[in-house]
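Coordinates in review
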Amino acid sequence: MGQKPHDLIHNGSFEKSLHGWTLSDGGIAPNIPSGVYRDGTNKIENWDSRFGFVYAHPSDGANAMWTEWDGSPGQITLSQSVSLAHTKTDVLHFDVQAAWDLQNYGAKHDRTFLVEVTDNKTGKVTDFTVLTAHAGDFEAGDQVLHETLDLSAFHGRDITLSFVWQVPGTYD
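The paragraphs below set out a description of the structure included in this document. These numbers were taken from a predicted model, which means no experiment stands behind them. (Residues numbered from 1 in each chain as written. Predicted model: local features only at pLDDT ≥ 70, side-chain atom pairs only at ≥ 80, totals over all residues. Heavy atoms only, no water.)

Turning our attention to the overall build of the protein chain. Each helix and strand in the protein chain was counted, giving 1 helix and 11 strands. Counting helices and strands in the order they occur from the N terminus, the protein chain gives β-β-α-β-β-β-β-β-β-β-β-β. Within the protein chain, the proportion of its 172 residues that are buried is 42%. The contacts of the protein chain with a sequence gap of at least 6 include a subset with a gap of at least 24, amounting to 77%. Carbon together with sulfur atoms contributes 48% to the accessible area of the protein chain, which is approximately 9,100 Å² in total. (Helix = DSSP H or I, 4+ residues; strand = E, 2+ residues; numbered from the N terminus. Buried < 20%, exposed > 50% of the residue type's maximum accessible area, 1.4 Å probe, protein only. Contact = heavy atoms within 4.5 Å. Areas by Shrake-Rupley, 256 points an atom, 1.4 Å probe, with all protein chains shown as cover.)

So this is what it looks like as structure tokens:
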């Protein structure tokens, strides 16, 4: 979808690939690199169905950010710097569809997906946990989470929004 005058995020539905975003796989080395994939990408559909996951379709537009959320210990980070208005309350709305198999491969560690908000002036980081994949659990990914994050505490500031997938163990 196109950029609307009131949008905080540039290219929020990834229709221009990662334009405006910074992506780091943090040395994790997943089997399929994190990135923007077009709906119907066979590579992703085959990967998802091979492990019993439901294929994730974009909730807006034809593209979606996709990450394997696996590999070596580290974190996958997708971030963008944003200037918040002085006079209004900004709210971030986003959708998440996640699947994991921490049951069949001997996982010993939970994985966390969170949003980090960094005040670009002070460097202070505030974390908002979105979901936790518990060791020993299986989630097919058949539900879309509609998340809302109140950013009013950061009004009038330049911030960096980061979506962070934490991977604490090697392919476990």
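Read across the sheet, 5 strands follow the order β1-β4-β11-β7-β8 without closing on themselves; strand pairing throughout is antiparallel. Strands with a single pairing partner mark the edges of an open sheet, and in this sheet they are β1 (22-24) and β8 (125-133). Strand-to-strand twist in this sheet, taken as the mean axis angle between neighbours without regard to direction, amounts to 15 degrees. Bridge analysis of strand β4 (residues 74-83) against strand β11 (residues 158-167) gives 10 bridges, and the strand direction is antiparallel. Considered in β11, the bridge of Ile76 is made with Trp165. (Pairing = 2+ DSSP bridges. Axes fitted to C-alpha atoms, helices over the stretch in contact; angles between N-to-C directions.)

What follows is about the packing of aromatic side chains. The relation between two aromatic rings is expressed through the spacing of the ring centres and the mutual angle of the planes. In total, this model carries 7 aromatic pairs according to the counting rule given. Measuring from ring centre to ring centre gives 6.2 Å for Trp21 and Phe163, while their planes differ by 50 degrees; the resulting arrangement is tilted. In this pair, Trp21 sits in the segment before β1 while Phe163 sits in strand β11, placing the two residues 142 residues apart along the sequence. The same class applies to Trp21 and to Phe163, which are both buried. With centroids separated by 6.3 Å and ring planes inclined at 10 degrees, the aromatic side chains of Phe113 and Phe163 adopt a geometry described as stacked. A residue pair is termed long-range when its members are at least 10 positions apart, and Phe113 in strand β7 (residues 111-119) and Phe163 in strand β11 qualify at 50 residues. On the basis of relative accessibility, which here comes to 4%, the residue Phe113 falls in the buried class. Three or more aromatic residues joined by ring pairs form one cluster here, namely Phe14, Trp21, Phe94, Phe113, Phe163 and Trp165. (Phe/Tyr/Trp six-rings, centres within 6.5 Å; stacked < 30°, edge-to-face > 60°.)

Another point: the environment of Thr77. Within the fold, Thr77 resides in strand β4. Owing to a relative accessible area of 16%, Thr77 belongs among the buried residues under this scheme. Apart from the residues lying within four places of it in its own chain, the contact partners of Thr77 are Thr22, Leu23, Ser24, Ser162, Phe163 and Val164.

Below, the discussion takes up the nonpolar core. Ranked by size, the top nonpolar core spans 33 residues in total, and within it Trp69, Phe113, Leu151, Leu161 and Phe163 carry the most contacts. Within the residue set of this core, elements represented by two or more residues are β4, β5 (91-96), β7, β8 and β11. Sort the elements by how many residues they give to this core and β11 lands first, with 5 residues. Those residues within four positions of Phe113 in sequence are excluded, and the remaining contacts are Trp69, Phe94, Val96, Thr129, Val130, Leu131, Phe163, Val164 and Trp165. (Core = buried A, V, L, I, M, F, W, Y, C linked by side-chain atoms within 4.5 Å.)

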